[in-house]
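Spelled out from the first residue to the last, the chains are:
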Amino acid sequence: AGGEGQVKVWTVAPNATKAGGVLTCVGDFEVRSPFKHASKPLIKALDSFPSSDEIVIGTDKCDVWKVTLKRSGGRLVQTAGKNGAKVIDTEAIILVKGHADEVKGLDAHPTKEGLFATACRSDRVYLWDSTTKLELGMGELSVPSSSNEAVACAFSADGERLAVGTFDGAVVVFDLAKFAGGA
C-alpha cells in the first residue's frame, strides 16, 4: 500500500509457517475517493480483520476507509487490468471523514471483528466500530518530556491492551477495560 491509492493483496501458502511462508500476490485494487475531482488518497496505514475480506485504511487526507473485497462463489471477483494485472473488485466507504490529524497508525482488533484503533499525529488514539461507523472511545497521551504525537498503534495478542508509539519513541499502553468510552 502507499502512494496513488494502490493496494496489493497477498496470501500466505496454507501449509507455510509464519516465519518462512510463501507470499503470493492475488491482485490489487485502487482506493478512489467518492468525491468528484478529488485526488487519489495516499495510504498511510492499513490493517485487515483476521479471516475477513475487510481492510481498514488511513489516508493522508485524515480519513479512515473500510474496503470490502467482493467475492462470488468463494473466489475474489477480478478483472484484467493494465499489463494483464488482476484487479480485485471492491466496495469502499469512508468510516471517518477528517480525523484529528493525518492518520499514522491503524490496527484491527485480533478477536472483535469490526473494532479497530487509529493513531494520528495528535495526542489522541481512537477506537472505532466499522459496522456502526461510530467512535467507541478515545485515549489521550500524556507522557512527560514527550511530543505526545501518536504515530503507531497495535493491540496485544489477547486484545486487552492497546500500545501507542509516539513520534519521539515513547510507548503508552492503554488497558481497554478502562479506555475512555469503553471497548
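As shown above, the structure is provided for reference.
Residues numbered from 1 in each chain as written. Predicted model: local features only at pLDDT ≥ 70, side-chain atom pairs only at ≥ 80, totals over all residues. Heavy atoms only, no water.

Draft legend 1. Highlighting the layout of surface pockets. Roughly 660 Å³ of volume is contained in the largest pocket. Along the wall of the largest pocket there are 24 residues; nearest its centre are V9, W10, T11, V26 and L69. At the level of elements, β1 (6-12), β2 (23-30), β3 (43-48) and β7 (75-76) are the ones that each hand at least two residues to the lining of the largest pocket. Ranked by residues supplied to the lining of the largest pocket, first place goes to β1 with six residues. In this structure, the second largest pocket encloses a volume near 430 Å³. Around the second largest pocket, the lining is made up of 20 residues, and of these Q6, F29, E30, R32 and V87 lie nearest the centre. Contributions of two or more residues to the lining of the second largest pocket are made by β2, β9 (86-88) and β10 (90-96). (1 Å grid on protein atoms, 1.4 Å probe; cavity = no way out; pocket = protein on both sides within 12 Å on 5 of 7 lines; lining within 4 Å. Points joined across faces, edges and corners; volume = space filled by probe spheres on them. Helix = DSSP H or I, 4+ residues; strand = E, 2+ residues; numbered from the N terminus.)

Draft legend 2. Up close: unusual backbone geometry. Although it is not a glycine, K133 adopts a positive phi angle of roughly 65°. Among the secondary structure elements, K133 is positioned in the loop between β13 (124-129) and β14 (134-140). Since its relative accessible area comes to 43%, K133 is described here as partly exposed. (Buried < 20%, exposed > 50% of the residue type's maximum accessible area, 1.4 Å probe, protein only.)

Draft legend 3. Just the nonpolar core, in detail. In terms of nonpolar packing, the biggest core is built from 15 residues, with V125, L127, C153, L162, V164, F174 and F179 touching the most fellow members. Secondary structure elements with two or more residues in this core: β12 (115-120), β13, β15 (150-155), β16 (161-166) and β17 (171-175). Sequence-distant contacts of L162, that is, excluding residues within four places in its chain, are made with A117, V125, L127, C153, A154, F155, V172, V173, F174, L176 and F179. Residues A45, V96, V103 and F116 belong to the second largest nonpolar core, which totals 13 residues. (Core = buried A, V, L, I, M, F, W, Y, C linked by side-chain atoms within 4.5 Å. Contact = heavy atoms within 4.5 Å.)

Draft legend 4. How the structure looks around the packing of aromatic side chains. Across all of its chains, the model carries one aromatic pair by this definition. Relative to W128, the ring of Y126 lies with its centre 5.6 Å away and its plane at 35°, an arrangement referred to as tilted. This pair shows no difference in class: Y126 is buried, exactly as W128 is. It is R121 that lies over the ring of F167; its NZ or CZ is 4.0 Å from the centre. (Phe/Tyr/Trp six-rings, centres within 6.5 Å; stacked < 30°, edge-to-face > 60°. Lys NZ or Arg CZ within 6 Å of the ring centre and 35° of its normal.)

Draft legend 5. Expanded view of the sheet that holds β15. With antiparallel pairing, the three strands of this open sheet are ordered in space as β15-β16-β17. Every other strand in the sheet has two partners, leaving β15 and β17 as the edge strands with one partner each. Averaged over neighbouring strand pairs, the angle between their axes works out to 20° when direction is ignored. Sheet topology places β15 next to β16; five bridges connect them, and they run antiparallel. When the sheet's bridge partners are listed, A154 is paired in β16 with A163. (Pairing = 2+ DSSP bridges. Axes fitted to C-alpha atoms, helices over the stretch in contact; angles between N-to-C directions.)

Draft legend 6. The arrangement of the pairing of strand β11 (residues 103-108) in detail. Within β11, five of the six residues are buried, which leaves the element mostly enclosed by the surrounding structure. Where β11 folds back onto β12 in an antiparallel hairpin, the turn is made up of six residues, including G114, whose phi is positive at roughly 95°.

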